[in-house]
Amino acid sequence: MPIHTSPKSWVIETKNTGYAVGLNEAGLLTHRYWRARLPFAADYPAPVNPLERSSFDMPQHYTPEEYPGYSALRYFDPALKITFADGTRDLVLRYVDFSTSASPYPELALHLKDEVYPLRVTLHYRVHEEYDLIARWVTLENLGDEPVLIERAFSAKWTLPHGDDYFFSHMFGRHNNEYNMKREVLTPGLKTIESRRLTTSHHHTPWFAIDRNATEDSGEVWFGTFAWSGNWKITAEVTEFASTRISVGLNDWDFAWKLNPAETFVTPESISGYVKDGFGAASRLMHDYVRNILLPHKNQLHKVLYNSWEATLFDVDEISQSKLAEVAAGMGIELFVMDDGWFHNRNLDNAGLGDWFPDKAKFPNGLGGLIKNVNALGMDFGLWVEPEMVNPDSDLYRAHPDWVIHFPSRARTEARRQLILNLGRTDVQEYIISVLTTILSENNIQFIKWDMNRNVSEPGWRDAPGDARELWVRYVQGLYHVWGTLRERFPNVIWQSCSGGGGRADFGILHFADQIWISDNTEATARLSIQEGFSQFLPANTMEAWVTDWGRNVVPLEFRFHVSMCGSLGVGGNLNEWDQADRELAAHCIRLYKEIRPIIQFGDQYRLISPQKSMFSAVLYVSKDQSEAVLFVFRVYLSDPTNLPMIHLRGLNPTALYEVDGYSGPRSGASWMEAGLRVELKNLQSKILKIKQVE
Ligand code: GLA
């Protein structure tokens, strides 16, 4: 058991890290250590016992409390804020006892209670030893007979080793331009990244990394993410006493939760880790965790898919889709996905959402005819849905205008001419479960792309069961309930999470979805950078990437294929316009992809030269046994003459011999890594090099 306990101190150990908390002399639960694992439990530092410095700087203020509630003389960012039924807005948490359990993963639970009020707070720690990750979450239990109002309930506060000289990395973006990495100096005060959009958002990613002077391959990095698909918040705080802390949890903005007597509130998980060897190592731990622990279909290779969206938009029918399917099958595609436009009255984005049955004019015999054709071509069939949404012009909305999120006194603001169904409501959940159950049980569907194409407005809920501001959480709980029920009913279906591209990519949704559609931007040179950002926390097999016609007059088809082959390959161009040469090249790339995809989807990823920093970039995937690797190199645009950089491979066995496609003679792994190689490319050229161990 990697958890050492004693009456007043607890140490959690993973393969390479140690994490320690304990009670100080004042009885406060105090953070002690989070860094490299130490040889003995007694090696971990004792909790600090600060003295009073002045009436303005009382000890609470420089004690690194593990999970501080808002009370007494605390002015830093608290983890928990409560209002009790008598109006008291002050929470004095006292340690009570602890428990441990071993299955399925080792867990430690530290139980705290308010000094006076019957509120129990349990801090949970789940240990993923192999991945050097700890998952933390909190449960709040109302043991009294009056309600308690929760106004903030973070999942964790992570305290860094003492110091105020850290860098904070995070990702920002927008629709069509997700996952831009930013690394900045943390200075005293509070830095916040968050979503207030009801969903995860394109705009900020629930991921962080803290380092001192780390690079891709070296240096200490503390990193983490939040397993939640709704409003979230991550704050990085540097106090006046040089203590650096990261808080992770549900966004408290416009949030409140009425916890009735005998009820429990459970927060989502905040998952974090520590590495000594750079950002790349941090990403690889997360990749392995996602692939081995999180995904519904672990170790299942993803098929090469075709998606009809950019080819036919809303203009789908049995004939046009069957025609595309034939061309797709000829190129080696394994899964044919029909996108938007197939359901009742859906000819544009102004109508139809909510009425999830095939449009009679486009599919007079239902979806069965098309699916039969697709299956006869040897491909699986997949379908697009957007179940959380409704167009005002739909039968569903005409029947249930009160099902959408709204304030009765306000206009309902439309975006893409649609409104959001309130998935907090059980009748809405049941409706979605029932319509999708019908589609999935009546048709041979192996894949669903689940979309969400707008963010919230007028977040009202007239008949809310508790405080109307519970919407933010109940919506996501409802979504998980709906998706979870469907997953149980149809366990073989592969689900993809899409929200106008990468608006819902997080560890929460990956309990249900195996893949993410990471951006509506499919222009290959832009995509290089979006894909790299995504790889900070999610592995290549979860990253669906299509080759489309964006930029086709500028960016060669081969380059576009190579970019998409860095993830789970798909094609989304208008195949009707691809000539014979295009189709042959596509077939060749798809054949090659099928050969190398186990390395890409299941191997270790090394970001060698970043496309976010350079027009010449390289990324490497190495098989887990280090016997094979695939190198992708891209040159976007550099003025000539130019001196292309050396590429230093990573992750090979230094003493084994390897051959690299197109380079003479085997060389040791050490040589390919230290001496490197040069790949000559012209502007808008790319290359894939296969690497094989020969001895
Ligand atoms: C969103 C998705 C696209 C496509 C359209 C269909 O924008 O991200 O891939 O499915 O919706 O309306």
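Summary of the structure given here. (Residues numbered from 1 in each chain as written. Predicted model: local features only at pLDDT ≥ 70, side-chain atom pairs only at ≥ 80, totals over all residues. Heavy atoms only, no water.)

### Quick notes on the overall build of the protein chain
Then step 1. Helices and strands together make up the secondary structure of the protein chain, namely eleven helices and 36 strands.
Then step 2. Its C-alpha atoms give the protein chain a radius of gyration of 26 Å, within 12% of the compact-globule value 26 Å for 695 residues.
Then step 3. Dimensions of the protein chain, computed from the C-alpha atoms along their principal axes, are close to 80 × 70 × 45 Å.
Then step 4. Of the contacts formed within the protein chain by residues at least 6 apart in sequence, a portion of 67% connects residues at least 24 apart.
Then step 5. When the accessible surface of the protein chain is totalled, it reaches about 25600 Å², and 50% of it is carbon and sulfur.
Then step 6. Between the centroid of the 68 positive side chains of the protein chain and the centroid of its 87 negative side chains there is a distance of 2 Å. (Helix = DSSP H or I, 4+ residues; strand = E, 2+ residues; numbered from the N terminus. Rg over C-alpha atoms; globule rule 2.2 N^0.38 Å. Contact = heavy atoms within 4.5 Å. Areas by Shrake-Rupley, 256 points an atom, 1.4 Å probe, with all protein chains shown as cover. Lys, Arg positive; Asp, Glu negative; His and termini not counted. Charge placed at Lys NZ, Arg CZ, Asp CG, Glu CD.)

### Considerations on helix α3 (residues 318-331)
Then step 1. Here α3 contains 14 residues, and its C-alpha end-to-end distance of 20 Å stays within 8% of the 20 Å for a straight helix at 1.5 Å per residue.
Then step 2. The inward-facing, buried residues of α3 abut β21 (305-307), α2 (309-312), β22 (335-338), α4 (368-376), β30 (568-571) and α10 (580-602).
Then step 3. Between the side-chain oxygen of the N-cap and the backbone nitrogen of isoleucine 319 there are 3.1 Å, and the N-cap of α3 in question is aspartate 317.
Then step 4. Two residues or fewer past α3, glycine 332 is found with a positive phi of approximately 100 degrees. (Expected span 1.5 Å × (residues − 1). Polar contact = N/O pair within 3.5 Å; in protein donor to acceptor, adjacent residues only side chain to side chain.)

### Some words on the nonpolar core
Then step 1. Ranked by size, the top nonpolar core spans 193 residues in total, and within it Val121, Phe265, Trp342, Phe507, Phe561, Met565 and Phe632 carry the most contacts.
Then step 2. Per-element tally for this core: the top contributor is helix α7 (residues 471-489), with ten residues.
Then step 3. Those residues in contact with phenylalanine 265 that sit more than four places away from it in its chain are Val138, Thr139, Leu140, Ile150, Ala153, Leu250, Phe255, Trp257, Leu259 and Val473.
Then step 4. Counting residues in hydrophobic clusters, the runner-up holds 24 residues, among them Leu644, Leu649, Leu681 and Leu689. (Core = buried A, V, L, I, M, F, W, Y, C linked by side-chain atoms within 4.5 Å. Buried < 20%, exposed > 50% of the residue type's maximum accessible area, 1.4 Å probe, protein only.)

### A look at the packing of aromatic side chains
Then step 1. Evaluation of the coordinates by the stated rule reveals 39 aromatic pairs.
Then step 2. On the basis of an interplanar angle of 70 degrees and a centroid distance of 5.9 Å, the ring pair of tryptophan 10 and phenylalanine 98 is categorised as edge-to-face. On the criterion of sequence distance, the pair formed by tryptophan 10 in strand β2 (residues 9-13) and phenylalanine 98 in strand β6 (residues 93-101) is long-range, its members being 88 residues apart.
Then step 3. Geometrically, the ring pair formed by phenylalanine 507 and phenylalanine 537 is stacked, given 6.2 Å between the ring centres and 10 degrees between the ring planes. Taken as a pair, phenylalanine 507 in the loop between β27 (494-497) and β28 (515-517) and phenylalanine 537 in the loop between α8 (524-534) and β29 (543-547) lie far apart in primary sequence, 30 residues in all.
Then step 4. In this structure phenylalanine 537 comes out as buried when scored by relative accessible area, which is 0%.
Then step 5. One aromatic cluster in this structure is built from Tyr131, Tyr179, Tyr289, Phe507, Phe534 and Phe537. (Phe/Tyr/Trp six-rings, centres within 6.5 Å; stacked < 30°, edge-to-face > 60°.)

### Overview of the site of the ligand
Then step 1. Near the ligand you find 14 residues, and of these Asp339, Asp340, Arg416, Lys449 and Asp520 are the closest.
Then step 2. A distance of 2.6 Å separates an oxygen atom of the ligand from a polar side-chain atom of aspartate 339.
Then step 3. Protein chains shield 95% of the accessible area of the ligand, which is 310 Å² for the free molecule.
Then step 4. Each residue belonging to the shell around the ligand can be placed in one class, and the counts come to five nonpolar, three polar and six charged. (Near = heavy atom within 4 Å. Nonpolar A, V, L, I, M, F, W, Y, C, P; charged D, E, K, R; others polar.)

### Focus on the state of the cysteines
Then step 1. This model, assessed by the stated rule, comprises zero disulfides.
Then step 2. Sulfur of cysteine 589: no disulfide; nearest cysteine sulfur belongs to cysteine 566 and is 12 Å away. (Disulfide = S-S within 2.5 Å.)

### Describing the sheet that holds strand β31 (residues 604-609)
Then step 1. Ordered by their spatial adjacency, six strands build an open sheet running β31-β32-β33-β36-β34-β35, and the pairing between neighbours is antiparallel. Looking at which strands have only one partner, the edges of the open sheet turn out to be β31 and β35 (667-668).
Then step 2. The sheet contact formed by strand β33 (residues 628-635) and strand β36 (residues 685-693) spans eight bridges and is antiparallel. Counted as the bridge partner of leucine 631 is leucine 689 from β36. (Pairing = 2+ DSSP bridges.)

### Let's talk about the sheet that holds strand β3 (residues 17-23)
Then step 1. Taken together, the four strands give an open sheet; going across it, the order is β1-β2-β3-β4, and neighbouring strands pair in antiparallel fashion. Edge positions in the sheet fall to β1 (3-6) and β4 (29-36), since each of these pairs with one other strand and no more. Strand-to-strand, the axes of this sheet are offset by a mean angle of 10 degrees, without reference to chain direction.
Then step 2. Bridge analysis of β3 against β4 gives seven bridges, and the strand direction is antiparallel. Considered in β4, the bridge of alanine 20 is made with tyrosine 33. (Axes fitted to C-alpha atoms, helices over the stretch in contact; angles between N-to-C directions.)

### Description of α4
Then step 1. Gly369, Leu370, Ile371 and Val374 are the residues of α4 that are buried.
Then step 2. The secondary structure elements touched by the buried residues of α4 are α3, β22 and β23 (380-385).
Then step 3. Looking at the residues trailing α4, positive phi occurs at glycine 378, about 90 degrees.

### Considerations on the side chain of threonine 225
Then step 1. Following the sequence through the fold, threonine 225 ends up in strand β15 (residues 221-226).
Then step 2. Threonine 225 sits in the buried class, given a relative accessible area of 0%.
Then step 3. Within the structure, the side chain of threonine 225 is placed 2.5 Å from the backbone oxygen of proline 206, a separation counted as a polar contact.
Then step 4. Those residues in contact with threonine 225, other than ones at most four positions away along the chain, are Pro206, Trp207, Phe208, Val248, Glu269, Ser270, Ile271, Met286, Phe507 and Phe537.

### Quick word on the pairing of β29
Then step 1. Taken across its five residues, β29 has five buried, putting it largely inside the fold.
Then step 2. Burial along β29 is two-sided: the face carrying Met543, Ala545 and Val547 and the face carrying Glu544 and Trp546 are both buried.
Then step 3. Note that β28 and β29 share two bridges and pair parallel. Bridge pairing in β29 places tryptophan 517 opposite glutamate 544.
Then step 4. Note on the crossover from β28 through α8 to β29: the handedness is right-handed.
Then step 5. Summarising the sheet, β29 and β30 pair through four bridges and their orientation is parallel. (Right-handed = clockwise from strand over helix to strand, strands pointing away.)

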